[in-house]
Amino acid sequence: GQVLQLLRGVQRGSEDRKSSLGRLRWALQNKETQQKFVRLDGSIRTLIGLFTSSLADMQMEAARCLHELSHSSDPAVAEACLPVTSYLLTYLSGHSVEFTELCLYTLGNLVVESEAVRKQLLPQGIIPVLASCIQSPHEAVLEGLGYVLSQLLQAKEAPTEIVPLVLDSVLPQHMLRLVCSGLKAGTGAAVEFAWCLHYIVCSHTANAVLLSLGALPALTSLLLDMASEIPQDAPEGLELLVCPVLRCLSNLLAEETGCEGQIQDERLLIALFLILQSFFQQHPFIVQECLWLLNNLTADEPFFCSALLSLDLLPALLQLLPCSQMAGVLVLTVLCNVAEKGPAYCQQLHRQPALPLLLPALALPDPEVVGQCLELLHLLFLHCPEAAADFVRQGGHRALEQHQSTPELQERVRALLDMVGQPLGASTFGFCHAALSAFS
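Worth saying up front: this structure is predicted, and the values here are computed from it rather than measured.

Analysis parameters
- Residues numbered from 1 in each chain as written.
- Predicted model: local features only at pLDDT ≥ 70, side-chain atom pairs only at ≥ 80, totals over all residues.
- Heavy atoms only, no water.
- Helix = DSSP H or I, 4+ residues; strand = E, 2+ residues; numbered from the N terminus.
- Expected span 1.5 Å × (residues − 1).
- Buried < 20%, exposed > 50% of the residue type's maximum accessible area, 1.4 Å probe, protein only.
- Disulfide = S-S within 2.5 Å.
- Arc of directions from axis to C-beta.
- Contact = heavy atoms within 4.5 Å.
- Axes fitted to C-alpha atoms, helices over the stretch in contact; angles between N-to-C directions.
- Parallel < 35°, antiparallel > 145°, perpendicular 65-115°, else oblique.
- Left-handed = near helix turned anticlockwise from the far one by under 90°.
- Nonpolar A, V, L, I, M, F, W, Y, C, P; charged D, E, K, R; others polar.
- Salt bridge = Lys/Arg side-chain N within 4 Å of Asp/Glu carboxyl O.
- Phe/Tyr/Trp six-rings, centres within 6.5 Å; stacked < 30°, edge-to-face > 60°.
- Lys NZ or Arg CZ within 6 Å of the ring centre and 35° of its normal.

K.L.:
If you had to explain helix α22 (residues 325-339) to someone new, which residues and values would you point to?
P.N.:
The terminal C-alpha atoms of α22 lie 21 Å apart, and with 15 residues this matches the ideal 21 Å at 1.5 Å per residue to within 8%. Burial within α22 is extensive, with 13 of its 15 residues counted as buried.

K.L.:
Outline the state of the cysteines, listing residues and values.
P.N.:
What the rule picks out here adds up to 0 disulfides. In this structure Cys133 is not part of a disulfide, and its nearest cysteine sulfur, from Cys103, lies 9.7 Å away. Considering cysteine sulfurs only, Cys336 is the nearest to Cys373, which forms no disulfide, with 8.5 Å between them.

K.L.:
Break down helix α12 (residues 158-167) for me, citing the residues and quoting the values.
P.N.:
Residues spaced three or four apart along an α-helix point in a common direction, a consequence of the helix completing one turn every 3.6 residues. When we look at burial in α12, the residues that qualify are Ala158, Ile162, Val163, Val166 and Leu167. One face of α12 carries all of its buried residues, which in axial projection span an arc of 135 degrees. The inward-facing, buried residues of α12 abut α10 (126-133), α11 (139-153), α13 (171-180), α14 (187-202) and α15 (207-212).

K.L.:
Could you give an account of the environment of Leu211, with specific residues and numbers?
P.N.:
Of note, Leu211 is situated in helix α15. Taking relative accessible area as the criterion, Leu211 reaches 16% and is therefore assigned buried. Through-space distance from the C-alpha of Leu211 to that of Val420 is 46 Å; in sequence the pair is 209 residues apart.

K.L.:
Could you give me a rundown of the side chain of His174, with the residues and numbers involved?
P.N.:
Checked against the element boundaries, His174 lands in helix α13. Discounting chain neighbours no more than four positions away, the residues touching His174 are Ile134 and Gln135.

K.L.:
Just give me the short version of the packing of α22 against helix α25 (residues 367-383), but keep the residues and values in it.
P.N.:
For the pair α22 and α25, the least separation of the axes is 9 Å and the interaxial angle reads 15 degrees. Accordingly, the angle class assigned to the pair α22 and α25 is roughly parallel. Considering only the axes of α22 and α25, their crossing is left-handed. Between α22, through Gln325, Val329, Leu332, Thr333, Leu335, Cys336 and Ala339, and α25, the contact on the second element is made entirely by Glu368, Val369, Gln372, Cys373, Glu375, Leu376, Leu379 and His383. Residues belonging to the contact of α22 with α25 are distributed by class as follows: 9 nonpolar, 4 polar and 2 charged.

K.L.:
Account for the pattern of salt bridges, with residues named and values stated.
P.N.:
Opposite charge on two side chains allows them to pair when their charged atoms are near. Across all of its chains, the model carries 11 salt bridges by this definition. Its salt-bridge partner being Arg64, residue Glu98 comes within 3.1 Å of it at the nearest N-O pair. Remark: Arg64 occurs in helix α5 (residues 56-70) and Glu98 occurs in helix α8 (residues 97-113); sequence separation between them is 34 residues.

K.L.:
Give a detailed account of the packing of aromatic side chains, specifying residues and quantitative values.
P.N.:
A full pass over the atoms with the stated rule returns 7 aromatic pairs. Members of the aromatic cluster, joined through ring pairs, are Phe51, Tyr91 and Phe99. Residue placement shows Arg25 over the ring face of Trp26; its charged tip is 5.6 Å from the ring centre.

K.L.:
Explain the side chain of Thr333 to me, and be specific about the residues and the numbers.
P.N.:
Following the sequence through the fold, Thr333 ends up in helix α22. Since its relative accessible area comes to 17%, Thr333 is described here as buried. Not counting chain neighbours up to four residues away, the residues in contact with Thr333 comprise Asn295 and Gln372.

K.L.:
Describe unusual backbone geometry, naming the residues involved and giving the relevant values.
P.N.:
Its identity is not glycine, yet Asp312 carries a phi of approximately 60 degrees, on the positive side. Tracing the chain through its elements places Asp312 in the loop between α20 (302-310) and α21 (314-318). Take Asp312: its relative accessible area is 48%, and that puts it in the partly exposed class.

K.L.:
How would you summarise the packing of α20 against α22 if you had to cite specific residues and measurements?
P.N.:
α22 packs onto α20 with a crossing angle of 110 degrees between their chain directions and a minimal axis gap of 9 Å. As judged from the angle between their axes, α20 and α22 are roughly perpendicular. Across the interface between the two elements, Cys305, Leu308 and Leu309 of α20 pack against Val334, Asn337 and Val338 of α22. Here the contact of α20 with α22 is composed, by residue class, of 5 nonpolar, 1 polar and no charged.

Scope: geometric values only; no functional claims are made or implied.
Encoded structure:
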């Protein structure tokens, strides 16, 4: 019915073909219309004919129709658009900014929905074509390009088929450059490229290439810049750039031993805590990202453990314990990283009064938080026996006894009670009294 009429209007080549295309574009915003349209004989062929015509305004309207089709979540619609892909690639160079941008977003939408489209685009040379677009001076084109790349890099076949092609191109160094200039330029493209770098790092095959391009120092200095922007007036949406940058750094550090040595800069910790403070109200998801990075920085490297203590950042870290279950586990994991470094570190933790803050964590109903807390207490008691005595004085053994019947915690609770010299179930009024005075 109506869909066929719209197609006929477009095919007839009459005066009002442009307005027929406009009506078709509006109609194609509807999911059922999209499905009906691609089933009509010659529908895609007709659009391709107009898309490749020499009339710029016709081309533009046809591009908008194809863009509407690309929004469909039905793989059959994406596959009907397969014949369009080679033209979309061809037109990425040389047309108007708006036209290039439309082609990029259409490609990006199609590659999300269909593996068949991705399989066709790779041999057609999509990666070299995208690599030539990355020199564009237009933010809108770069943002569209980042969108296509981030969609490709999230495909299930990306680690084996797409990432190697990206690494062989000039894309990684340009992406890194654009991410690092993200504060000065618009952040849209920088955000897209930061996620692209993140997906590349997650594929694990790429880290040597990124490290050789200087990704660690570059992203570290970007993070320092971002932290210094925050207190004045951070650009809108800065948290969207902070998140993938934190993840890239975390993953690069997790992968590569010996990386921490490359960035022994205590300003990084100050930057992290500035970011934590600024975002933790409006964007709590950033807290988790910062703590992941802090965990990876302190995991093997005494440098950052010492800096955490000498810069007196422990109180700020301990304040994050009740933020969320995940934040609690990560804060305690970071503290375990510090405590693992031995007696001097444990004595400082003890002096920084960590114990009074750990007792409420032991009372939480979450076995994962409590388990991590037990791990930390074990290290503290092992390396700093006076911490064990203080723990008992503050009534800590009773907090432990609450968990005696939790199957996954039983053994560790028993071991800790042994360490503090408390037989199971022994509590006296003296301890109660000490506990009350310690908490009051």
